Amino acid sequence: MKRKRIGICAPSTPISREDADQVTALAARTHPDAELIFSEQCFASAGHFAGDDHLRCKSFVQMANDPTLDAIWFARGGYGAVRIAEEALTQLKAPAYAKLYMGYSDAGYLLAGLYKAGIGQQAHGPMPIDIKRDNGEKAVERALNRIVSNESMSLERHIEKGEKYAAFNLTTLTMLAGTSLMPDFTDHILMIEEVSEYLYSFDRAMFSITNHLAGVDLKGLRLGQVTDIPENDRPFGQTEQEITRYWCDRHRIHYLGRAKIGHDASNYIVPFGQITF
């Protein structure tokens, strides 16, 4: 089997060398045919970010354009990818079109832009930083199974051959709407998840994104995990699923039920586009 070379960069916030070492050691045990190449930029720091915008953009572009790398695995989320996405996309060359790109949360800005531009294959799935979660090794192994072996058991259980999919953090998707990075989701099943937002904020974001999606011939929407919800000074009165149903009904979007994606170790993988396995 050809050795898979996986480039890891951090378009948003940094990771520690200790975390990178843990992921490398895990891959050596479970996926000996994988070679993980962490960019030094992953460990840089410039305020909130893993290096300034120029460094983060340069690191991603260099790895995406490197013909010796088979995949780009985003190190973690946070915030920062949107500051480099538009510029980075203009610099991608032929080798970038042959790669898999995997991440979630803030990485969604780059995944969206790549998908819209038809550059490579994108997947919403675990990142190296998930090694820090409870049972995080399972999440990292799941990602490596897909990247290295294209294993279908790592996919979200509702994925079906022939259907089109995409998946995003709700806040990220809401911020994408109406921008140059927003893909066309006609005939797609869209999956969303959220973390660390009050239910009233979740409700507000659902109002916004379902308004936008009402003008798209979306096949349906699934709700993933909504975790670490802060406690408000008074109960909102609806659960996250009730909120989702409410706004889907208002805008005539088919609500298809729950999905196993989100900011936890049970985050399964959703490839973008039409599924061929």
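Residues numbered from 1 in each chain as written. Predicted model: local features only at pLDDT ≥ 70, side-chain atom pairs only at ≥ 80, totals over all residues. Heavy atoms only, no water.

Caption draft 1: Structural context of the environment of Gly257. Relative to the helices and strands, Gly257 is located in strand β9 (residues 255-258). Sequence separation of Gly257 and Arg146 is 111 residues, and the distance between their C-alpha atoms is 24 Å. Among residues more than four places away in sequence, those in contact with Gly257 are Leu221, Arg222 and Leu223. (Helix = DSSP H or I, 4+ residues; strand = E, 2+ residues; numbered from the N terminus. Contact = heavy atoms within 4.5 Å.)

Caption draft 2: Highlighting the side chain of Asn169. For Asn169, the location among the structural elements is in strand β6 (residues 164-169). By relative accessible area, Asn169 is classed as buried at 6%. Within the structure, the side chain of Asn169 is placed 2.8 Å from the side chain of Glu194, a separation counted as a polar contact. (Buried < 20%, exposed > 50% of the residue type's maximum accessible area, 1.4 Å probe, protein only. Polar contact = N/O pair within 3.5 Å; in protein donor to acceptor, adjacent residues only side chain to side chain.)

Caption draft 3: Local environment of the pattern of salt bridges. Applying the stated rule across the entire model yields eleven salt bridges. In this structure, Asp53 and Arg83 form a salt bridge, with 3.1 Å as the shortest nitrogen-oxygen distance. In this pair, Asp53 sits in helix α2 (residues 53-64) while Arg83 sits in helix α3 (residues 82-90), placing the two residues 30 residues apart along the sequence. Owing to a relative accessible area of 26%, Asp53 belongs among the partly exposed residues under this scheme. In this structure, Glu163 engages Lys219 in a salt bridge whose closest nitrogen and oxygen atoms are separated by 2.9 Å. One end of the pair, Glu163, is in the loop between α5 (136-149) and β6; the other, Lys219, is in the loop between α7 (199-213) and β8 (220-227), with 56 residues separating them in the sequence. (Salt bridge = Lys/Arg side-chain N within 4 Å of Asp/Glu carboxyl O.)

Caption draft 4: Spotlight on the packing of α7 against helix α8 (residues 240-250). Packing of α7 against α8 leaves a shortest axis separation of 9 Å and a crossing angle of 25°. The angle between α7 and α8 falls in the class roughly parallel. α7 and α8 meet at a crossing whose hand is right-handed. Contacts between α7 and α8 pair Leu199, Phe202, Asp203, Met206, Phe207 and Thr210 from the former with Glu240, Ile243, Thr244, Trp247 and Cys248 from the latter. When the residues that make up the contact of α7 with α8 are grouped by side-chain class, the tally is seven nonpolar, two polar and two charged. (Axes fitted to C-alpha atoms, helices over the stretch in contact; angles between N-to-C directions. Parallel < 35°, antiparallel > 145°, perpendicular 65-115°, else oblique. Left-handed = near helix turned anticlockwise from the far one by under 90°. Nonpolar A, V, L, I, M, F, W, Y, C, P; charged D, E, K, R; others polar.)

Caption draft 5: Up close: the nonpolar core. Ranked by internal contacts, the top residues of the largest apolar core, which has 91 residues, are Ile6, Leu36, Phe60, Trp73, Phe74 and Tyr101. Ignoring anything within four residues of it in the chain, the contact list for Tyr101 reads Phe60, Ala64, Ile72, Phe74, Ala96, Leu111, Leu114, Ile119, Gly120, Gln121, Gln122 and Ala123. (Core = buried A, V, L, I, M, F, W, Y, C linked by side-chain atoms within 4.5 Å.)

Caption draft 6: Representation of the pairing of strand β2 (residues 34-38) in the model. Residues of β2 alternate between two faces, with Ala34, Leu36 and Phe38 buried on one and Glu35 and Ile37 left unburied on the opposite face. In terms of strand pairing, strand β1 (residues 4-9) meets β2 through five bridges, oriented parallel. Note that in β2 the partner of Lys4 across the bridge is Ala34. Running through helix α1 (residues 17-30), the crossover from β1 to the neighbouring parallel element β2 is right-handed. (Pairing = 2+ DSSP bridges. Right-handed = clockwise from strand over helix to strand, strands pointing away.)

Caption draft 7: Inspection of the packing of α1 against α5 at higher detail. At a minimum axis distance of 11 Å, the contact between α1 and α5 shows a crossing angle of 60°. The orientation of α1 with respect to α5, classified from their angle, is oblique. Here α1 runs over α5; the crossing is right-handed. Note on element contacts: α5 touches α1 through Glu137, Val140, Glu141 and Leu144, opposite Val23, Leu26, Ala27, Arg29 and Thr30. Here the contact of α1 with α5 is built from residues that sort into five nonpolar, one polar and three charged.

Caption draft 8: Up close: the side chain of Ser59. Inspection of the secondary structure assignment puts Ser59 in helix α2. Look at Ser59 and you get buried, because its relative accessible area is 6%. Once you skip the residues sitting within four places of it in the chain, Ser59 turns out to touch Cys9, Ser39 and Gln41.

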